[in-house]
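Summary of the model geometry
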Amino acid sequence: MKILECQDLTKEYLSGETVVKAVDHVNLSFEQGEFCAITGPSGSGKSTLLHLMGALEHPTSGSVLYGGQTLASYTDHQLSILRRRRFGFVFQAYNLVQELTGYENILLPVMLDHKKPDEEYLRQVIDILGIEDRLGHLPSAMSGGQQQRIAIARALANRPSILFADEPTGNLDGKSGREVLSLLKYAGKQLGITLILVTHDQHVAEQAQRILTIEDGTIVTDTKFGVM
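Our subject in this report is the structure included herewith. Here the structure is a predicted model, which means the values were calculated and not measured.

**Focus: the overall build of the protein**
Counting its secondary structure elements, the protein contains seven helices and ten strands. By the compact-globule yardstick of 17 Å for 228 residues, the protein fits well, its C-alpha radius of gyration being 17 Å. When burial is assessed residue by residue, the protein has 49% of its 228 residues classed as buried. Contacts spanning at least 24 positions in sequence make up 70% of the contacts within the protein whose residues lie at least 6 apart. Total accessible area computed for the protein in this model is approximately 10900 Å², and 50% of it derives from carbon and sulfur atoms. For the protein, the distance from the average site of its 21 positive side-chain charges to the average site of its 27 negative ones is 6 Å.

Now the structure itself:
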């Protein structure tokens with residue numbers, strides 16, 4: 001079942017007097033539960049494409065559809081709710097609130113949504129990510145890998161349909177990066193979440209079921225490897 005679609009998606013910027021097409025007439029669709037990596041050289045449009053699909057930026061033209069409905073039909077308030085409830089985001093920077101414990105950081109999206117936490121579900125996420133012993137600690141008392149695991153748990157807290165990850169292993173050493181990537185894959189599979197990950201690292205991309213390569217804002221290859 002298609003969960004997300006890009007139809008003739010384009011994003012242009014002005015650089016001086018020059019129009020730069022960061023994303024150039026992209027047509028894509030993603031299935032529920034799919035793990036897709038988007039790779040390409042620096043400045044190729046990877047992150048811009050991810051931000052457009054995650055409703056963090058508006059396209060110049062074309063459409064992004066979630067569940068068959070174009071995001072252009074949403075008000076800003078509705079988009080905010082969509083991002084909070086149906087989309088999860090993990091970035092290279094962990095973006096944790098330094099004054100809050102690990103568990104308090106995880107609960108932030110739930111609290112912002114004025115919902116009662118689903119303790120059983122959160123326990124499942126915490127167990128999958130192996131962060132039980134970090135819940136009472138402040139971020140300053142955690143390693144980079146531990147902070148990224150907390151950030152992933154926070155992104156999963158509201159049971160999103162899609163998890164967007166932008167260079168989630170970029171600030172980590174090799175061992176921690178591999179562990180975080182493995183946990184992302186496992187969490188996505190266990191929870192049935194669509195995982196769309198941007199990376200410049202080919203070794204990271206090769207862990208995905210599908211690899212999209214983007215150059216100059218255009219998808220140049222779309223390779224599927226089946227279930228992994």
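**Details of the environment of I196**
Mapping I196 onto the fold places it in strand β8 (residues 194–198). On the basis of relative accessible area, I196 is assigned to the buried category, the value being 0%. It is 12 Å that separates the C-alpha atoms of I196 and P160, two residues lying 36 residues apart in sequence. When neighbours within four sequence positions are excluded, I196 is seen to be in contact with L4, F30, C36, I38, L50, M53, I162, L163, F164 and A165.

**Section: the environment of F91**
Position of F91 among the secondary structure elements: in strand β6 (residues 87–91). Sequence separation of F91 and A165 is 74 residues, and the distance between their C-alpha atoms is 5.8 Å. The contact partners of F91, leaving out residues within four places of it in the chain, are H51, L56, Q148, D166, E167 and P168.

**A look at the state of the cysteines**
Covalent bonding between the sulfur atoms of two cysteines is what defines a disulfide. Under the defined criterion, the tally for this structure stands at zero disulfides. The thiol of C6 is not disulfide-bonded; the next cysteine sulfur, from C36, is found 10 Å away.

**Structural notes on the layout of surface pockets**
To find leftover empty space, a probe the size of one water molecule is rolled over the atoms. Of the voids in this model, the largest pocket is the one considered here, and its volume is about 360 Å³. What lines the largest pocket is a set of 18 residues, and nearest its centre among them are R83, F89, P109, R154 and A155. Contributions of two or more residues to the lining of the largest pocket are made by α2 (76–85), β6, α3 (102–112) and α5 (144–156). A total of five residues in the lining of the largest pocket trace back to one element, the largest contributor, which is β6. Along the lines of polarity and charge, the residues of the lining of the largest pocket split into eleven nonpolar, four polar and three charged.

**Section: the nonpolar core**
Counting 39 residues, the largest nonpolar core has I106, I131, L156 and L163 as its most contacted members. Here L156 is in contact with Y121, V125, L163, A187, L191 and I193, once residues within four sequence places are set aside. Core analysis: the second largest hydrophobic core is formed by 29 residues, V26, L49, L79 and I196 among them.

**Remarks on the packing of helix α4 (residues 119–129) against helix α6 (residues 174–191)**
Interaxial distance between α4 and α6 falls to 9 Å at its minimum, and their mutual angle equals 145°. When the axes of α4 and α6 are compared, the crossing they make is right-handed. Each of Y121, Q124, V125, I128 and L129 in α4 lies in contact with α6, whose residues at this interface are L183, Y186, A187, Q190 and L191. Residue composition of the contact of α4 with α6, by class: eight nonpolar, two polar and no charged.

**Remarks on the packing of α3 against α4**
Interhelical geometry of α3 versus α4 gives an angle of 125° and a closest axis separation of 12 Å. By the angle between their axes, α3 is oblique relative to α4. For α3 against α4, the interelement crossing comes out right-handed. Mapping the contact onto sequence places Y103, I106 and L107 in α3 and E119, L122 and I126 in α4.

**Re the sheet that holds strand β5 (residues 69–70)**
Pairing is antiparallel across the open sheet formed by four strands, whose spatial order is β2-β1-β4-β5. With partners counted over all chains shown, the strands left at the sheet margins are β2 (18–31) and β5, one partner each.

**With respect to α4**
Among the residues of α4, those classed as buried are Y121, L122, V125, I126, I128 and L129. The buried side chains of α4 occupy one side of the element, clustering within an arc of 160° when seen end-on. Exposed side of α4, more than 90 degrees from the buried face: E120 and D127 are the residues found there. G130, located one to two residues past α4, shows a positive phi value of around 65°.

About the cut-offs
Residues numbered from 1 in each chain as written. Predicted model: local features only at pLDDT ≥ 70, side-chain atom pairs only at ≥ 80, totals over all residues. Heavy atoms only, no water. Helix = DSSP H or I, 4+ residues; strand = E, 2+ residues; numbered from the N terminus. Rg over C-alpha atoms; globule rule 2.2 N^0.38 Å. Buried < 20%, exposed > 50% of the residue type's maximum accessible area, 1.4 Å probe, protein only. Contact = heavy atoms within 4.5 Å. Areas by Shrake-Rupley, 256 points an atom, 1.4 Å probe, with all protein chains shown as cover. Lys, Arg positive; Asp, Glu negative; His and termini not counted. Charge placed at Lys NZ, Arg CZ, Asp CG, Glu CD. Disulfide = S-S within 2.5 Å. 1 Å grid on protein atoms, 1.4 Å probe; cavity = no way out; pocket = protein on both sides within 12 Å on 5 of 7 lines; lining within 4 Å. Points joined across faces, edges and corners; volume = space filled by probe spheres on them. Nonpolar A, V, L, I, M, F, W, Y, C, P; charged D, E, K, R; others polar. Core = buried A, V, L, I, M, F, W, Y, C linked by side-chain atoms within 4.5 Å. Axes fitted to C-alpha atoms, helices over the stretch in contact; angles between N-to-C directions. Left-handed = near helix turned anticlockwise from the far one by under 90°. Parallel < 35°, antiparallel > 145°, perpendicular 65-115°, else oblique. Pairing = 2+ DSSP bridges. Arc of directions from axis to C-beta.

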